[in-house]
Amino acid sequence: MKQSRGFLGNNPIAVLMVGLCPAAAVTGRVIDALWMSLGVFFVLVLTRLGQGILRGLGQQPPGPPSTQPALAFRRGWLGGLFLASCFTASFELILLAFAPEEGASLGIYVPLIAVNCIVLDRVLEPGTPDDPGTGKGILRSLQTAAAIGAGFALCLVVISLVREILGSGTITLFPMRSFGGTIEVGGLSRAPARALISAGGGFLCLGYLAGAARLLSRSKRQGEANGGEEEAKRA
Amino acid sequence: MSLIGIILTFSLVDNIVLSRLLGICPCVGAPGGMRMTAATSVATSLLMSLSALTAWVLETFLLRPFGIEFLRIPLFVLGVACIARLLDLAARRMVPQLLRAAGVPLAGIALNCATLGVALLVVRGSFTALQSLVVGLAAGAGFFIALSLLTAIREKLEVEKVPSWLQGLPLHLISAGLLAYAFMAFDRAFLSRLLRGW
């Protein structure tokens, strides 16, 4: 259940509000959001695996317990950054080989996965409870990384669906055989709100998503508190 | 592209935060007032200009001549990270008051996707060494403009009554969105006509 905290409870975008740049920049089309999510998932999981293996081999000692805000530099940060950048370069090569159009559409945002706040937060934060070098094991670290990557993907897809449907009146997916890859949303495709596709639309969608996440968590907390009171009264 | 064109493009038309959507986290998430804003902007601008120049040197003298462009990302990331660390160490010795104003390590706040993004933009734009340096400085100026405007808006909104579910970061993001729409007025054609008038 703890892994679900990275997916919903500690969702990087809706709750922790990190990794906002790709969430605003590449969510104009659903397919771009899917590729970006795949890239962040790939880099995050493999970097954690690499860090775990290196620490297990004793080449990179675990850092001191975390006492400072995220993104501060500690022991092993350069190795972690190097691993993340190597996996990012690998993902870029894979993307350009299999989907060159999407690779060109994503532009500089694919190389920037290496310094994405979510990846940096994980890479530069040795000593956290799920750190592969602290004895809890690589598996738990991978599970957390995968949950965070999946939570990031969920938010990116939701934002891109809202922006593309309202801003272009279409949903762009992977083309397959007779399916061209684009679904037109009746009515909206003739008079879309183009402002949502621009940079400002990305910020607006993110802002309202964060607000909606806050409303949801509040109502959930209130529901739990009301349920607790009723139980207490019954008792 | 002329140097004035580069400055106008990278500070206003293609603003690194409001148009390219890079470096959003330090802009909307960083706490603190104008002092913190100034410290963060100085550090980020310095890092951006040095990163742009380093990227140009690496691309011109190492990656292209030896045909190893696939190593661009690891080399750039390591280069930017090392410059950020050196900048942090230099600031500790030379301007400790800047670090006190920032409150957190400069290397930590300055190493973000905006700094690496500028390095990548320089390489894709085929600029000269001087132009690369100016691109970095102009992008840093654009970062300062965006960050100071957002900080000023945030300080104004702190004393206003707003719906509780929008308080804090959601409202900062919505403000940034409206500011991004306002920056769309800095059109390339409009600026080129303005420059022709001079």
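Not measured: the values here are computed from a predicted model. (Residues numbered from 1 in each chain as written. Chains lettered and ligands numbered in written order. Predicted model: local features only at pLDDT ≥ 70, side-chain atom pairs only at ≥ 80, totals over all residues. Heavy atoms only, no water.)

(A) Structural detail: the overall build of chain A. Helices and strands together make up the secondary structure of chain A, namely 8 helices and 2 strands. If you list the helices and strands of chain A from N to C, you get α-α-α-α-α-α-α-β-β-α. Taking all 235 residues of chain A together, 49% fall into the buried category. Restricting to contacts in chain A with at least 6 residues of sequence separation, those with at least 24 account for 72%. Put simply, chain A shows about 10900 Å² of open surface, and 64% of that area lies on carbon and sulfur atoms. (Helix = DSSP H or I, 4+ residues; strand = E, 2+ residues; numbered from the N terminus. Buried < 20%, exposed > 50% of the residue type's maximum accessible area, 1.4 Å probe, protein only. Contact = heavy atoms within 4.5 Å. Areas by Shrake-Rupley, 256 points an atom, 1.4 Å probe, with all protein chains shown as cover.)

(B) View of the overall build of chain B. Helix and strand counts for chain B come out as 10 helices and 0 strands. Beginning at the N terminus, the succession of helices and strands in chain B can be written as α-α-α-α-α-α-α-α-α-α. When burial is assessed residue by residue, chain B has 52% of its 198 residues classed as buried. For chain B, the share of sequence-separated contacts (at least 6 apart) that also reach a separation of at least 24 residues comes to 78%.

(C) View of the packing of helix α8 (residues 199-234) of chain A against helix α9 (residues 169-183) of chain B. Where α8 of chain A meets α9 of chain B, the axes come as close as 7 Å, and the angle between the chain directions of the two elements is 165°. Overall, the two elements α8 of chain A and α9 of chain B adopt an arrangement that is roughly antiparallel. Seen from above, α8 of chain A lies across α9 of chain B with left-handed handedness. Together, A199, G200, G201, F203, L204, L206, G207, Y208, A210, G211 and R214 of chain A of α8 of chain A and L169, P170, L173, I174, A176, G177, L178, A180 and Y181 of chain B of α9 of chain B make up the contact between the two elements. (Axes fitted to C-alpha atoms, helices over the stretch in contact; angles between N-to-C directions. Parallel < 35°, antiparallel > 145°, perpendicular 65-115°, else oblique. Left-handed = near helix turned anticlockwise from the far one by under 90°.)

(D) Expanded view of the packing of aromatic side chains. One pass over the structure, following the stated rule, counts 5 aromatic pairs over all chains. Between F42 of chain A and F91 of chain A, the aromatic rings sit 5.8 Å apart at their centres with planes inclined by 40°, giving tilted as the arrangement. Linking F42 of chain A in helix α3 (residues 30-56) with F91 of chain A in helix α4 (residues 77-98), this pair joins segments that are 49 residues apart in sequence. In this structure F42 of chain A comes out as partly exposed when scored by relative accessible area, which is 25%. With relative accessibility at 3%, the residue F91 of chain A sits in the buried group. Taking the centre distance of 5.8 Å and the plane angle of 85° together, the rings of W56 of chain B and F61 of chain B count as edge-to-face. (Phe/Tyr/Trp six-rings, centres within 6.5 Å; stacked < 30°, edge-to-face > 60°.)

(E) Spatial organisation of α9 of chain B. All names here are of chain B. With 15 residues, α9 extends 21 Å between its outermost C-alpha atoms, agreeing within 8% with the 21 Å of an ideal straight helix rising 1.5 Å per residue. Buried residues dominate α9, accounting for 12 of its 15 residues. Those residues of α9 that fall on the buried side of the exposure criterion are L169, P170, L171, H172, L173, I174, S175, A176, G177, L179, A180 and F183. (Expected span 1.5 Å × (residues − 1).)

(F) Just the pattern of salt bridges, in detail. For the structure on display, the rule yields 6 salt bridges over all chains. Residue R29 of chain A pairs with D32 of chain A through a salt bridge whose shortest N-O separation is 3.2 Å. Between R92 of chain B and D88 of chain B there is a salt bridge, and its shortest N-O distance comes to 3.2 Å. Of this pair, R92 of chain B and D88 of chain B both sit in helix α4 (residues 72-94), separated by 4 residues, roughly a single helical turn. On the basis of relative accessible area, D88 of chain B is assigned to the buried category, the value being 0%. Through salt bridges with shared partners, a single network forms among E59, R64 and R72 of chain B. (Salt bridge = Lys/Arg side-chain N within 4 Å of Asp/Glu carboxyl O.)

(G) Representation of the nonpolar core. Among the nonpolar cores identified, the biggest contains 102 residues, and I13, L20 and L112 of chain A together with I16, I24 and F76 of chain B are the most heavily contacted of them. Among the elements that make up this core, the one with the highest residue count is helix α7 (residues 113-125) of chain B (9 residues). (Core = buried A, V, L, I, M, F, W, Y, C linked by side-chain atoms within 4.5 Å.)

(H) Looking closely at the interface of chain A and chain B. Listed as interface residues are 47 residues of chain A and, on the opposing side, 44 residues of chain B. Between chain A and chain B, roughly 3800 Å² of surface is buried when both sides are summed, and carbon and sulfur atoms account for 81% of that area. Elements that contribute at least two residues to the side of chain A that touches chain B include exactly α2 (20-25), α4, α6 (117-123) and α8 of chain A. The element best represented in the side of chain A that touches chain B is α8 of chain A, accounting for 14 residues. Class assignment of the residues belonging to the side of chain A that touches chain B gives a composition of 35 nonpolar, 9 polar and 3 charged. (Buried area = accessible area lost by both parts, 1.4 Å probe. Nonpolar A, V, L, I, M, F, W, Y, C, P; charged D, E, K, R; others polar.)

(I) Representation of the confidence of the model for chain B in the model. Averaged over every residue, the pLDDT of chain B is 85; residues scoring 70 or more account for 89%. Taken element by element, chain B is modelled with least confidence in helix α6 (residues 106-110) of chain B, mean pLDDT 61, and with most confidence in α9 of chain B, mean pLDDT 92. (pLDDT = per-residue confidence, 0-100.)

(J) How the structure looks around helix α7 (residues 138-168) of chain A. Here α7 of chain A contains 31 residues, and its C-alpha end-to-end distance of 43 Å stays within 8% of the 45 Å for a straight helix at 1.5 Å per residue. Directly after α7 of chain A, the chain includes G169 of chain A, whose backbone phi takes a positive value near 75°.

(K) Local environment of the environment of N112 of chain B. With respect to the helices, strands and loops of the structure, N112 of chain B is situated in the loop between α6 and α7. When its relative accessible area of 5% is taken as the criterion, N112 of chain B is described as buried. C-alpha of N112 of chain B to C-alpha of C27 of chain B: the two residues are 85 residues apart in sequence and 11 Å apart in space. Ignoring sequence-local partners within four residues, the contact set of N112 of chain B consists of V115 of chain A together with P26 of chain B.

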